[in-house]
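Per-entry structural report
Spelled out, the chains give:
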Amino acid sequence: TERAEAMPTVLHPILGELDPSAPGFWDTTLTFAGRTITFDLTIDGSGLTGPDLNDLPRQLEDLVPFDRAARFAILRDAQARDDDAASTLYLTHHGSELPTADLQRLFGTDKPGSADPEAMLSRLVLVRVGLYPEHEDRRVLLDYSIDPDVTHYLLCVSFDAARQPTAVALES
């Protein structure tokens, strides 16, 4: 008789049992900094092994340095004084689209163009952590929103295998 080959599953402390050798998507919700976030892993190809996942966040506390570095990257992006920078576009878009009451509640000002971008961007909340072990320059992706119930726009910070931010992008 033929024996079925056993799947090489690994136990991820957050996502549970998964098979990194085959394409798949795993997700869960967590509480981080007092808010609910989505935490997910996407594997597009085949052939990964458990050790390929070891340098990805495995515990909730692993997210703290990523969050700190992402927020610094967002601020640095805004300080570039580039009108096409993702952080600048995020602020200007919401400044022109949101009602005055929402601007005041979310950003602490009803005139985001005249406000300090650091103060406004400090109000962003982490809403999602995405893991992409096959992507060298985007192994970890953190998505931020001013309020996911008000806007579908996100500021997304990508991290490489060395856990360094590689990009800040505006997505919807």
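Note that the structure is a prediction, hence the values are computed from the model and not measured.

Note on placement: Ala86 falls in helix 2 (residues 86-97). Ala86 gets classed as buried once you look at its relative accessible area, which sits at 8%. Considering only alpha carbons, one finds Ala86 and Leu126, 40 residues apart in sequence, at a separation of 16 Å. When residues no more than four places from it in sequence are discounted, the contact partners of Ala86 are Asp77, Leu155, Val168, Ala169 and Leu170.

Along helix 3 (residues 100-107), the residues classified as buried are Leu103, Leu106 and Phe107. Here the buried residues of helix 3 occupy an arc of 80 degrees about the axis, which is enough to place them on one side. Packing partners of the buried residues in helix 3 comprise helix 2 and helix 4 (117-121). Count one or two residues on from helix 3 and you reach Gly108, which has phi positive near 80 degrees.

Think of a sheet as strands paired side by side through backbone hydrogen bonds, with each pair either parallel or antiparallel. Spatial strand order, 3-4-5-6-7-8: 6 strands in an open sheet with mixed pairing. Every other strand in the sheet has two partners, leaving strand 3 (24-32) and strand 8 (165-171) as the edge strands with one partner each. Adjacent strand axes in the sheet meet at a mean angle of 20 degrees, parallel and antiparallel pairs treated alike. Relative to the sheet, helix 1 (residues 63-79) contacts strand 3, strand 4 (35-43), strand 5 (125-131), strand 6 (140-145), strand 7 (154-159) and strand 8, its axis offset from that of strand 6 by approximately 65 degrees. Running at roughly 25 degrees to strand 8, helix 2 makes contact with strand 6, strand 7 and strand 8 of the sheet.

What counts and what doesn't
- Residues numbered from 1 in each chain as written.
- Predicted model: local features only at pLDDT ≥ 70, side-chain atom pairs only at ≥ 80, totals over all residues.
- Heavy atoms only, no water.
- Helix = DSSP H or I, 4+ residues; strand = E, 2+ residues; numbered from the N terminus.
- Buried < 20%, exposed > 50% of the residue type's maximum accessible area, 1.4 Å probe, protein only.
- Contact = heavy atoms within 4.5 Å.
- Arc of directions from axis to C-beta.
- Pairing = 2+ DSSP bridges.
- Axes fitted to C-alpha atoms, helices over the stretch in contact; angles between N-to-C directions.

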